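# Survey of secondary and tertiary structure
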Amino acid sequence: MKKRMVSLMLCACVALAAAGCGGSKNFKNPSRGEALIMATNAAFEPYEYHEGDEIVGIDVEIAQAIAEKLGLTLQVEDMEFDSIIAAVNSGKAHIGAAGMTVTEDRLKNVDFSDPYTTATQVIIVQEGSDITGADDLAGKKIGVQLGTTGDIYASDVEGAEVEQYNKGMDAVQALANGSIDAVVIDNEPAKQFVSKAEGLKILEEEFAVEEYAIAVAKGNAELLDDVNKALDAIIADGTVKGIIDKYITAE
Ligand code: ARG
């Protein structure tokens, strides 16, 4: 009996602490005229990439349009993809916009805006490869960008050896050099990477369908609401479609 009481009390304390923590957390959201800081990994054309001294791309323009709606300026911080969630949660950045797929696992650590586009995971192989679909990946050497959903899917493939690279293009280069058998990565960057390498092709079979959204710190309801309102408005008035069409030409 005594033991039970103690554990019940413990439970209550943990619950209270969690609630207190969520409620009192002091999010430093930008005020009018200040900068909305966006964490990204600018090695993911056409969503975010370097063009001369600038970081450009679909996510940058969408974030810019959101910032404008909120009366803010946009500041882009480039980092490794697997640092973005920590940057958002620590307050180093206000939002994460990086072709980031909404996953159950990530939802434990961050909140996501409404989705702004869909994407697929595809498989890239050498032109003469005997890999024709996901089923042939078993036991193969698969290259991925560290911490991405491609990384997660590849890790589930039976007997596969997963090689993690900091950049998707590094994985694609390793494939072109023959040091790995395939790359699992998002469809639009896949097209860009393949066009910059020799002798590679994208398989038709889609590995997974995903939704991209903007991450904000877990529990930052105020910013999430602001971002969603701005995002919904620029989706409704065609701005988002215009931005996507500017970077992705329909096949
Ligand atoms: N959509 C994938 C994910 O969320 C890959 C995103 C990679 N983005 C980037 N900017 N490198 O895991």
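Residues numbered from 1 in each chain as written. Predicted model: local features only at pLDDT ≥ 70, side-chain atom pairs only at ≥ 80, totals over all residues. Heavy atoms only, no water.

### Quick word on the site of the ligand
Taken together, the neighbourhood of the ligand is formed by 15 residues, with Asn41, Gly99, Thr101, Arg106 and Asp186 sitting nearest. Between the ligand and the protein, one listed contact pairs an oxygen atom with a side-chain N or O atom of Arg106 at 2.7 Å. Here an oxygen atom of the ligand sits 2.8 Å away from a polar atom, N or O, in the main chain of Thr149. Bound to the protein, the ligand loses 100% of the 350 Å² it would expose on its own. Residue classes in the shell around the ligand are distributed as five nonpolar, six polar and four charged. (Near = heavy atom within 4 Å. Polar contact = N/O pair within 3.5 Å; in protein donor to acceptor, adjacent residues only side chain to side chain. Areas by Shrake-Rupley, 256 points an atom, 1.4 Å probe, with all protein chains shown as cover. Nonpolar A, V, L, I, M, F, W, Y, C, P; charged D, E, K, R; others polar.)

### Focus on the sheet that holds strand β6 (residues 95-96)
Spatially, the five strands line up as an open sheet ordered β5-β1-β6-β14-β7, and their pairing is mixed. Two strands bound the open sheet, and with one partner strand each, they are β5 (73-78) and β7 (110-112). Bridging between strand β1 (residues 35-40) and β6 involves two bridges; their strand directions are parallel. Across the sheet, the residue bridging to Met38 is Ile95, located in β6. Packed onto the sheet, helix α2 (residues 58-69) meets β1, β5 and β6 and runs at close to 145° relative to β5. (Pairing = 2+ DSSP bridges. Helix = DSSP H or I, 4+ residues; strand = E, 2+ residues; numbered from the N terminus. Contact = heavy atoms within 4.5 Å. Axes fitted to C-alpha atoms, helices over the stretch in contact; angles between N-to-C directions.)

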